[in-house]
Amino acid sequence: MTEHSPSAADYQPPASLARVQTGALVTAVVGVAACIVGLLLDPEQFYRSYLIGYVYWLAIGIACLGWTMVYHLTAGGWALVQRKTLEAGARTLPVLALLFVPFAFGMDSVWVWAGPEAVHDELIQAKRGFLNVPFFWVRMAIYFGIWCFLAFFLSWQSKRQDETGDPSATVRMRTISGPGVAIFVMVASFFSWDTLMSLNPHWFSSLYGFYFVTSTALTGMLFMAVMGWYLAQRDPLSRVFKPKHFHDYGKLMMALVMFWAYMALSQFLITWSGNVPEFTQWYFARNTGGWKPYTIFLVVFHFFVPFLMLLSASLKRRPERLVRVAVYLLVMRWIDLYWQAAPTFHEHITIHWLDFATLIAVGGVWVFVFVWQLRQRSLIPINDPYLPEVLGHG
């Protein structure tokens, strides 16, 4: 009696994803309508809020690409069961590139170096060779071009692997993922310098890019935990996911929370001990006045609380409990992004309704496109050479 070989027909996406896609579309329409109203009423606040909401969802999209390449280098079972999910997330990058275009109409509302007052700032003028509008857009085109190339090359080879089982597709995905991870880290770092660090062009941190990459990796792992929980509740992946997979997600979440804290503390200590006014002002704005309680809240609830929760081995092996921690940390990721950007614009904590409207609008569009892509292919890479081993993982 021969053992049944897995096929694409055995691992088609669940029908419930259609309802998720419809809900995302409705959410996107409502969110975009609210954003249009906000843009008309307060364009400056709209662009500032849009930056935070946009970067939040972009982090998930590029994290899917990053973790896809990490899988091809490590062949970890925890990633193989979600390789198709990650590939679908990476294929949203062209849409995320389009969603960046609105900044062309309000750059001076977000980045002071793009406004007319920058001509009177000697330090900004000294950086004018890098901080100028045309070169900014050239860099953005390069960043998104690299991300999209990597995402669609890997997706193309993945489809070839599914259809033909050609071993060369596996080799090509692994070959490009080696330099791809290094390029990914550099591009993500530069993107964070251009969009977030340059909000205060007088400030600079050599660790900020790594801080952003670490935060992005954590956000992607949280997304994987949530999607793993969703798919594990439904056929066909209910017979694929095992407690061991979620235990792996939990361990990686804990490691990344610790690494996030390490990068944040390292950046603070290096900047503060240097005692250069142009650099320490970034932390001074966040450690005094109205932002100090927010900073303390972030330290406690983004590090200490999840760290203590994730120490539990039983929690990490129970998807229904782990997903609650993942959702909680996804909220904290937005709070961290807000902490990075908002003090540049406001001396005191000022939560605006557009902060939520932009987050919902971009999120609705992103989830709609993601689910659309996820439904195009089987949920398992059926000709992956490591699949037989992983199907027995756990």
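One can find the structure itself at the top, above this paragraph.
Residues numbered from 1 in each chain as written. Predicted model: local features only at pLDDT ≥ 70, side-chain atom pairs only at ≥ 80, totals over all residues. Heavy atoms only, no water.

Quick notes on the overall build of the protein chain
Working step 1: Along the protein chain, the regular secondary structure elements total 17 helices and zero strands.
Working step 2: For the protein chain, the C-alpha radius of gyration of 22 Å lies close to 21 Å, the compact-globule estimate for 394 residues.
Working step 3: Dimensions of the protein chain, computed from the C-alpha atoms along their principal axes, are close to 80 × 40 × 40 Å.
Working step 4: When each of the 394 residues of the protein chain is scored for burial, the buried share is 54%.
Working step 5: Accessible surface computed for the protein chain: about 16,600 Å², of which carbon and sulfur atoms make up 69%.
Working step 6: Taking the 27 positively charged and 22 negatively charged side chains of the protein chain as two groups, their mean positions are separated by 9 Å. (Helix = DSSP H or I, 4+ residues; strand = E, 2+ residues; numbered from the N terminus. Rg over C-alpha atoms; globule rule 2.2 N^0.38 Å. Buried < 20%, exposed > 50% of the residue type's maximum accessible area, 1.4 Å probe, protein only. Areas by Shrake-Rupley, 256 points an atom, 1.4 Å probe, with all protein chains shown as cover. Lys, Arg positive; Asp, Glu negative; His and termini not counted. Charge placed at Lys NZ, Arg CZ, Asp CG, Glu CD.)

Looking at the packing of helix α1 (residues 16-41) against helix α16 (residues 353-374)
Working step 1: The interhelical angle for the contact between α1 and α16, taken along N-to-C directions, is 150°, at an axis separation of 7 Å. Taken as a pair, α1 and α16 cross one another with a handedness that is left-handed. (Axes fitted to C-alpha atoms, helices over the stretch in contact; angles between N-to-C directions. Left-handed = near helix turned anticlockwise from the far one by under 90°.)

Notes on a nonpolar patch on the surface
Working step 1: On the surface, a nonpolar cluster with roughly 580 Å² of combined accessible area is contributed by Phe130, Phe135, Val138, Ile142, Ile183, Met186 and Phe190.
Working step 2: Secondary-structure elements contributing two or more residues to the nonpolar patch are α8 (133-164) and α9 (167-195).
Working step 3: Considering the arrangement of structural elements, one finds Met186 in helix α9. (Patch = residues over 30% accessible without salt bridge, like charges linked within 9 Å, V, L, I, M, F, W, Y side chains within 5 Å. Salt bridge = Lys/Arg side-chain N within 4 Å of Asp/Glu carboxyl O.)

Comments concerning helix α2 (residues 43-74)
Working step 1: Relative to the 46 Å expected for 32 residues at 1.5 Å per residue, α2 spans 46 Å between its end C-alpha atoms, a close match to the ideal helical length.
Working step 2: Once α2 ends, the next one or two residues include Ala75, with phi positive near 55°. (Expected span 1.5 Å × (residues − 1).)

Things to note about the packing of aromatic side chains
Working step 1: Counting across every chain of the model gives 49 aromatic pairs.
Working step 2: Ring centres of Phe136 and Trp137 lie 5.6 Å apart, and the angle between their planes is 85°; this geometry places the pair in the edge-to-face category.
Working step 3: Given a relative accessible area of 24%, Trp137 falls into the partly exposed group.
Working step 4: Taking the centre distance of 5.3 Å and the plane angle of 25° together, the rings of Trp334 and Tyr338 count as stacked. Taken together, the residues span about one helical turn, with Trp334 and Tyr338 both in helix α15 (residues 319-341) at a distance of four residues. Accessibility classification places Trp334 together with Tyr338 in one group, the buried group.
Working step 5: Sitting above the plane of the Phe130 ring, Arg139 keeps its charged end 3.8 Å from the centroid.
Working step 6: The lysine or arginine in question, Arg139, covers the ring of Phe135, its NZ or CZ lying 4.5 Å from the ring centre. (Phe/Tyr/Trp six-rings, centres within 6.5 Å; stacked < 30°, edge-to-face > 60°. Lys NZ or Arg CZ within 6 Å of the ring centre and 35° of its normal.)

Description of the packing of helix α10 (residues 208-232) against helix α11 (residues 243-274)
Working step 1: Look at α10 against α11: their axes get within 9 Å of each other, and the N-to-C directions meet at 160°. The orientation of α10 relative to α11 falls into the category roughly antiparallel. Where α10 crosses over α11, the handedness of that crossing is left-handed. (Parallel < 35°, antiparallel > 145°, perpendicular 65-115°, else oblique.)

Brief notes about the nonpolar core
Working step 1: Core analysis: the largest hydrophobic core is formed by 124 residues, its most contacted members being Tyr54, Leu65, Trp147, Phe191, Tyr249 and Met253.
Working step 2: Among the elements that make up this core, the one with the highest residue count is α2 (18 residues).
Working step 3: Non-local contacts of Tyr249, meaning those with residues more than four positions away in its chain, are made with Trp78, Val81, Gln82, Met221, Met224, Ala225, Phe241 and Leu322. (Core = buried A, V, L, I, M, F, W, Y, C linked by side-chain atoms within 4.5 Å. Contact = heavy atoms within 4.5 Å.)

Regarding the environment of Ala104
Working step 1: Inspection of the secondary structure puts Ala104 in the loop between α5 (93-100) and α6 (107-110).
Working step 2: What makes Ala104 partly exposed here is its relative accessible area of 43%.
Working step 3: A C-alpha to C-alpha distance of 8.6 Å links Ala104 and Trp137, two positions 33 residues apart in sequence.

Digging into the pattern of salt bridges
Working step 1: For the structure on display, the rule yields eleven salt bridges.
Working step 2: For Glu87, the salt bridge identified is with Arg83, shortest N-O distance 3.0 Å. Of this pair, Glu87 and Arg83 both sit in helix α4 (residues 83-90), four residues apart, which is roughly one turn of the helix.
Working step 3: Residue Glu87 is classed as buried on the basis of its relative accessible area of 2%.
Working step 4: The exposure class of Arg83 is buried, given its relative accessible area of 0%.
Working step 5: The shortest N-O distance in the salt bridge between Asp336 and Arg333 comes to 2.7 Å. Note that Asp336 and Arg333 are positioned in helix α15 at a spacing of three residues, about one turn of the helix.
Working step 6: Connected via shared salt-bridge partners are Arg83, Lys84, Glu87, Asp162 and Asp384.

So, α10
Working step 1: Between the first and last C-alpha of α10 there are 36 Å, a value that for 25 residues agrees with the 36 Å anticipated at 1.5 Å per step.
Working step 2: Judged by how many residues are buried, α10 sits mostly within the fold: 22 of 25 residues are covered.

Thoughts on unusual backbone geometry
Working step 1: The omega angle of the peptide bond from Asp235 to Pro236 is 10°, so this bond is cis rather than trans.
Working step 2: Along the polypeptide, Pro236 turns up in the loop between α10 and α11.
Working step 3: Non-glycine residue Ala75 carries a positive phi angle of around 55°.
Working step 4: Along the chain, the position of Ala75 falls in the loop between α2 and α3 (77-80).
Working step 5: Within the chain, Asn275 stands out as a residue other than glycine whose phi angle is a positive 55°.

What to know about the side chain of Asp355
Working step 1: Tracing the chain through its elements places Asp355 in helix α16.
Working step 2: Of the side chains with opposite charge, Arg48 comes closest to the buried, unpaired Asp355, at an N-O distance of 9.6 Å.
Working step 3: In terms of polar contacts, Asp355 uses its side chain to reach the side chain of Ser49, at 2.6 Å.
Working step 4: Only 2.8 Å separates the side chain of Asp355 from the backbone nitrogen of His352, close enough to count as a polar contact.
Working step 5: Look past the residues within four positions of Asp355 in its chain and what remains in contact with it is Gln45, Ser49, Trp334, Tyr338 and Thr350. (Polar contact = N/O pair within 3.5 Å; in protein donor to acceptor, adjacent residues only side chain to side chain.)

Shape is all these values report; function is a separate question.
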